[in-house]
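Coordinate analysis (summary)
The primary structure of each chain is shown beneath.
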Amino acid sequence: MKSSRRGAAPQVWEDRWIPTTCAMCYAQCAIRVRVINGVAVQVEGNPDSYLGARGGVCGKAMGGLQQIYDPYRLNYPVRRTNPKKGIGIDPQWQRISWDEAIDEIVDRFEKVYRDNPNKILFTGSPPTGFANEGVMFAHVLASALGIARFQGGTGFHCGNASHLVSGINHVSWSVCPDFQYCNYALFFGAGKGVSSGHSMAMLARLRAEATARGMKTVAFDPICHQQGGKSTEWVPLLPGTDVAVALAIANTLVNEMGVYDREHLRHKTNGPYLVKADGRYMRDDSGVPLLWDRASGSAKPGPVSHLTEPALDGEFEVNGTTCRPAFDLVKEHLKQYTAEWASGISTVPAATIRRITGEWAENARIGSTIEINGVKLPYRPVAACMFRGGQGHSNGFHQYMAVELLNQLVGACEVPGGLIGWVVRSFGYPETGLPKFEPIPTEEGLLSSTAWSHGHDAPWAHPKPALKGKLTLVDVLSWCGGGSPFPAARETEEFYQKLGIAHRCEFLLAQGSNVVMNTGDVEPVAKFLEQIPFYVHYQLYVNETSDGFADIVLPDTSPLETLSCWNSEYYHFHCPVGMQPMEYHLRQPVVAPLYERRPSVAFALQFAYRLGPDIREKMNRTINDLLANRGCPPVVAEDEEVTWEDLTDRILKSKFGAGHDLNWFKEHGFIQWDKKPEEVYWRWFVNARSSIYLEHIVDYKEDLKAIIEPRGIEWDWEQLTPLLSYFPAAPHRVTDPQYDLFAFSYRDVLFAGTASQGLPWLREAASMNPYSEHLVMNVDTARKKGIEEGDTVSVENEIGSRIKAVVHLVEGMHPQCVASTSHSGKWSNAQPIAKGKGPFFSALLINDRHHWCPITLNMETAAKVRVDKAR
Ligand SMILES: Nc1nc2c(c(=O)[nH]1)N[C@H]1C(S)=C(S)[C@@H](COP(=O)(O)OP(=O)(O)OC[C@H]3O[C@@H](n4cnc5c(=O)[nH]c(N)nc54)[C@H](O)[C@@H]3O)O[C@H]1N2
Ligand SMILES: Nc1nc2c(c(=O)[nH]1)N[C@H]1C(S)=C(S)[C@@H](COP(=O)(O)OP(=O)(O)OC[C@H]3O[C@@H](n4cnc5c(=O)[nH]c(N)nc54)[C@H](O)[C@@H]3O)O[C@H]1N2
Ligand code: SF4
Ligand SMILES: [Mo]
């Protein structure tokens, strides 16, 4: 900086605001950053955009400034010189040049890849690394190369059940209440709108506006902290018992009160599909499921339901076979789940369950309509919403589906006030008609999409289980759509040997992620990482995982140093929800990358090119295919090599016209246009159905059995049933009375994952928050154990894994539970400000088959523990 004379005004040669997006978590809020003389000094929410708080930001965003200049950042490629690997072993990093790093990486990658791509694994990090365009590695490059992804805690803590079920029922990666019209929302283990989950700052704004207008919220949560503290009502329950409460609400609603939206169930769910005694649909000769049409007194194909008056109850004979509508089976099955029974499991009083059911029924206003922009639509201003907290259990699929059922029963799906996904139907920017995508029916009439998930998958139908040699075993356990526990589970070797998988991981490529800390159950993760001959980690920092096990670490640019529009291609939660305008954003560097940091998003492209013409072709084709799924034309020829900037420019122009090139976006930050009610509230404009009965599970169970049973692998088959049911989550099966408390974790609004834990402003704020760095415990429970505020305690699970923590005593905690924030307890010397802050919760989790949801491979993220005052 130029010096100024004493007393004279400092010389300012640059003072401007640059529009971009935050990526301190994956909400991707629109921000603008003030840059003075080349230094980024201030962050604000972009008030013109709806993607965020319209002017405000959360605390994490401010940390983005410090992340650019953090003296602990990784600034050069480094190589491990100590051949010994393991937690706590000094890697003896040595600085190397980019050329040296790239040559070695490409050389070693190619050898393994040409031998067997199944020997390679990728890992990535949605909360932060993906947010900074890491999807280019984790999805595009991995898909182009056909490489499986091991995601650490990602997916199998948070998304295996939730994304699957949101996909099946909403063709959306995630769901939230339509805050603009919702009057009554139930949250089952979701911080949406207050602390975490998706589009945090945007939903916090929408929720605050809704609360001001009178919306009521009920938080089912063991702790009265972020969601519980901000809701109209906090209902404490035991972890993993939401399914019992939700099934009891459903039963009370349907069987005691007789309240349900018959029209929605008939036309928008598989409720009328006829089911045979073997649990499968009654189908016509071409395999299409049938329903019973009362108008004609005959069976009709399900997909053309608008022509029929489908029966929801009764028994029918079709071609000599007796069958019943799925809804009839669900209704009867629900009868066992009374409010009194659910109370015994969850500790929620039966009277509370009944009262909330009544409020749900009343607020749902079944049969009512509303007019929005001249379009008349069903009006169902209630929404029941779950995310990681609720679904992260070994009964995760049934947990999530049961809560989802509440919305389906009253028709509160993609109608004003109900549960909605992010952008699922797009008619496109008016001048170009792009991007264009929408929900479509499968041949069975079930919901699918032209652009679900990462652009190339669809919620239905899942691939049939097959043994293809994937180390994640997602080829065999094919309903595991997200993260797989396998390469790092306790029983990995047993499964590999029984399945005849002889190869092991020989190359791990990671962008972001901290799998040693975030997978849970440290020992098997460390064992897995230790045996990998070559592991490259693209990072902002050296973290616990790279310190222990990486061979080369590459320095990435942080979000405020990165150029890309790639994340905007993922309409998961990177665009405004509901009737807010549609937006498409550019992320751009507010300062040039410092030191030798290079953007991983551009590196992924360069890496593909370096691997040779065949991979270049695959990479370019994968990019074009993804754009095609959004109706967009190809942007790159298969044999072409383009720079990252050029590719970004082409994507923008192809979608929004020549006038909206990279320079236009650099100046304006984003493009915005109005949505139509038919896009947001698409449910009654798309002839496709959600599922309240999971017929596909019947075949999945049979196919999976055929592969794993003959090979001597035991599995918990009980949960593989098409009817939503209660199964106790793993901690509820621990019988030893000395383990008397349920331990769970929750996200800190101040941090995303482990990534920003060492940023000084955020750490300072955390040190003032009694929840951030402590184990939270009910005051009466603690006193009975002789534990006082500020005591250090030992927390031990049933297999003897133990952590230490300092307690904070509160009244707003279920007396049978203890909890801590999810990602604290870092130990890397490379991040001294975060080191040793807060308990390391994940060490209490157990990564084996008894702690997975047998349908989705979701991990059990609560534990049964004993807590003692430390000696
Ligand atoms: N600030 C912040 N935001 C984030 C992230 C972050 O790290 N920090 N991470 C992002 C990622 S990757 C994810 S997956 C999402 C997660 O988003 P959320 O699902 O909102 O995450 P959590 O806070 O872990 O859990 C939500 C709530 O569930 C409660 N809970 C725990 N177990 C149970 C249970 O069995 N039943 C019920 N009813 N409640 C339970 C917790 O107390 C907590 O209040 O957040 C994303 N957004
Ligand atoms: N106890 C407990 N454990 C959990 C959870 C829980 O609730 N409780 N939640 C689980 C869930 S849902 C998830 S998704 C996982 C998340 O687990 P991870 O995906 O491992 O998430 P982070 O800890 O955020 O790891 C991020 C790492 O990426 C790096 N990083 C951040 N930004 C960038 C970037 O721009 N580029 C690059 N190259 N690197 C970057 C950071 O330095 C950090 O080391 O944790 C899981 N683990
Ligand atoms: S919610 Fe996430 S993306 Fe939005 S301002 Fe906060 S950290 Fe940034
Ligand atoms: Mo997550």
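Calculation criteria
- Think of each chain on its own: its residues are numbered from 1, step by step along the sequence as written.
- Note on labels: chains are lettered from A, ligands numbered from 1, in written order.
- Local features in this predicted model are restricted to residues whose pLDDT is 70 or higher, and side-chain atom pairs enter the listing and the counts only when it is 80 or higher, whereas totals over whole chains, interfaces and linings include all residues.
- As a convention, hydrogens and water are excluded, and side-chain values are obtained from all of the structure's heavy atoms.
- Under the scheme used here, helices are H or I runs from DSSP no shorter than 4 residues and strands are E runs no shorter than 2 residues, and both carry numbers assigned from the N terminus.
- All radius of gyration figures rest on C-alpha atoms, and the globule criterion is 2.2 Å times the number of residues raised to 0.38.
- Each residue is placed in one exposure class: buried if its accessible area under a 1.4 Å probe, protein chains only, is under 20% of its type's maximum, exposed if it is over 50%, and partly exposed if it falls in between.
- Residue contacts are defined here by distance: any two heavy atoms, one from each residue, within 4.5 Å place the two residues in contact.
- Charge counting follows a simple rule: Lys and Arg are positive, Asp and Glu are negative, and His as well as the terminal groups are ignored.
- Lys charges are placed at NZ, Arg charges at CZ, Asp charges at CG and Glu charges at CD.
- Note on disulfides: each one is a pair of cysteine sulfur atoms within 2.5 Å.
- Whether a residue is near a molecule or strand depends on its heavy atoms: it is near if one of them lies within 4 Å of it.
- Within 3.5 Å is the distance limit for a polar contact, defined as a pair of N or O atoms, with the added protein rule that one can donate a hydrogen and the other accept it, and that residues adjacent in sequence qualify only through two side-chain atoms.
- Here the accessible surface of atoms and residues is derived via Shrake-Rupley with a 1.4 Å probe, and residues count as covered only by protein chains that are part of the display.
- At least two DSSP bridges between two strands are required for those strands to pair.
- Axis geometry follows a simple rule: fit a line to the C-alpha atoms, using only the stretch in contact for helices, then measure angles between N-to-C directions, giving values from 0 to 180 degrees.
- The residue classification treats Ala, Val, Leu, Ile, Met, Phe, Trp, Tyr, Cys and Pro as nonpolar and Asp, Glu, Lys and Arg as charged. All others, Gly included, are polar.
- Patch membership requires more than 30% relative accessible area and the absence of a salt bridge. Residues of like charge join within 9 Å; the nonpolar side chains Val, Leu, Ile, Met, Phe, Trp and Tyr join within 5 Å.
- A side-chain nitrogen of Lys or Arg and a carboxyl oxygen of Asp or Glu constitute a salt bridge if their distance falls within 4 Å.
- The scheme is simple: roughly parallel for angles under 35 degrees, roughly antiparallel for over 145, roughly perpendicular for 65 to 115, oblique for anything else.
- When the near helix sits turned anticlockwise from the far one by under a right angle, the crossing is termed left-handed; a clockwise turn instead gives a right-handed crossing.

Counting its secondary structure elements, the chain contains 25 helices and 33 strands. Expected size for 871 residues packed as a compact globule is a radius of gyration near 29 Å; at 26 Å, the chain falls within 12% of this value. Counting only C-alpha atoms, the chain reaches 85 × 70 × 60 Å along its principal axes. Counting the 871 residues in the chain, one finds 66% classified as buried. Taking as baseline every contact in the chain between residues at least 6 positions apart, the subset at least 24 positions apart corresponds to 72%. Averaging the positions of the 86 positive and the 97 negative side-chain charges in the chain gives two centres separated by 3 Å.

As a further point, take the state of the cysteines. In total, this model carries 0 disulfides according to the counting rule given. Free of any disulfide, Cys 413 has its nearest neighbouring cysteine sulfur in Cys 385, separated by 12 Å. With a relative accessible area of 0%, Cys 413 lands in the buried category. Of the cysteine sulfurs around Cys 853, a residue in no disulfide, the closest is that of Cys 480, at 9.7 Å. Here Cys 853 falls in the buried class, since its relative accessible area comes to 0%.

Right, let's get into the site of ligand 2. The environment of ligand 2 is made up of 32 residues, and the closest members are Asn 132, Asn 514, Asn 518, Asn 543 and Thr 754. Backbone polar atom of Tyr 538 to a nitrogen atom of ligand 2: 2.9 Å apart, as the coordinates give it. At 2.6 Å, a side-chain N or O of Thr 754 approaches an oxygen atom of ligand 2. Relative to its free-state accessible area of 920 Å², ligand 2 is covered by the protein chains to the extent of 98%. When residues of the shell around ligand 2 are traced back to their parent elements, those giving at least two are helix H3 (126-145) and strand S24 (534-539). Here the element with the most residues in the shell around ligand 2 is H3; it accounts for 4 residues.

Below, the discussion takes up the sheet that holds strand S11 (residues 233-235). Taken together, the 4 strands give an open sheet; going across it, the order is S11-S10-S9-S19, and neighbouring strands pair in parallel fashion. Two strands close off the open sheet at either side, each with one partner strand: S11 and strand S19 (382-386). Between one strand and the next, the sheet's axes are offset by a mean angle of 15°, whatever the strand orientation. The pairing of strand S10 (residues 216-220) with S11 spans 3 bridges and is classified as parallel. Looking at the pairing, Phe 220 lines up with Val 235 of S11. Relative to strand S9 (residues 184-188), helix H11 (residues 350-364) is tilted by about 135°, and along the sheet it contacts S9, S10, S11 and S19. Sheet strands touched by helix H13 (residues 396-410): S9 and S19. Its angle to S19, the strand with the most contacts, is close to 170°.

Attention shifts here to the site of ligand 1. As a structural note, the neighbourhood of ligand 1 is formed by 31 residues, with Gly 191, Asp 221, Asp 242, His 393 and Phe 751 the closest of them. For ligand 1, an oxygen atom lies 2.5 Å from a polar atom in the backbone of Gly 191. The contact in question runs from a nitrogen atom of ligand 1 to an N or O atom on the backbone of Gly 389, over 3.0 Å. Of all elements in the fold, only helix H12 (388-391) and strand S28 (741-746) reach the threshold of two or more residues within the shell around ligand 1. Looking at side-chain class alone, the shell around ligand 1 contains 16 nonpolar, 9 polar and 6 charged residues.

A contiguous nonpolar surface patch, about 210 Å² in accessible area, is contributed by Val 39, Val 41 and Tyr 69. Within the element layout of this structure, Val 41 appears in strand S3 (residues 39-45). A relative accessible area of 39% means that Val 41 is categorised as partly exposed.

Let us now look at the pattern of salt bridges. Two side chains carrying opposite charge are able to pair once their charged atoms lie near each other. In this structure the tally under the stated criterion is 57 salt bridges. A salt bridge links Glu 494 to Lys 498; the nearest nitrogen and oxygen atoms lie 2.9 Å apart. Placement of the pair is Glu 494 and Lys 498 together in helix H14 (residues 492-498), with a separation of 4 residues, close to one helical turn. Of the residues examined, Lys 498 reaches a relative accessible area of 33% and is grouped as partly exposed.

A word on the environment of Gly 367. Along the chain, Gly 367 turns up in the loop between H11 and strand S17 (369-372). Residues Gly 367 and Gln 531, 164 residues apart in the sequence, show an inter-C-alpha distance of 61 Å.

Right, let's get into the side chain of Glu 491. Here Glu 491 lies in the loop between strand S22 (447-449) and H14. For Glu 491, a relative accessible area of 12% translates into the label buried. Once you skip the residues sitting within four places of it in the chain, Glu 491 turns out to touch Asp 848, Arg 849 and Trp 852.

Within helix H4 (residues 162-170), 9 of the 9 residues are buried, which leaves the element mostly enclosed by the surrounding structure. Residues of H4 that are buried: Ser 162, His 163, Leu 164, Val 165, Ser 166, Gly 167, Ile 168, Asn 169 and His 170. Structurally, H4 contributes buried residues whose contacts are with strand S8 (175-177), H12, H13, strand S20 (419-421) and S22.

The interhelical angle for the contact between helix H7 (residues 242-256) and helix H9 (residues 326-334), taken along N-to-C directions, is 110°, at an axis separation of 9 Å. Viewed along their axes, H7 and H9 adopt a mutual orientation that is roughly perpendicular. Crossing of H7 over H9 shows left-handed handedness. On the side of H7, the interface is formed by Leu 247, Ala 250, Asn 251, Val 254 and Asn 255, while H9 contributes Phe 327, Lys 331 and Leu 334. In terms of residue class, the contact of H7 with H9 is made up of 5 nonpolar, 2 polar and 1 charged.

Our focus in this paragraph is unusual backbone geometry. Backbone torsion omega between Leu 434 and Pro 435 reads -5°, so that peptide bond is classified as cis. The residue Pro 435 is located in the loop between S20 and strand S21 (439-441) in this model. With a phi close to 45°, Ser 199 is a non-glycine residue in the positive phi region. Residue position: Ser 199 is located in the loop between S9 and helix H5 (200-212). The phi dihedral of Asn 373 falls on the positive side, at around 50°, and the residue is not glycine. With respect to the secondary-structure elements, Asn 373 resides in the loop between S17 and strand S18 (375-378).

The values are spatial; any link to function lies outside them.
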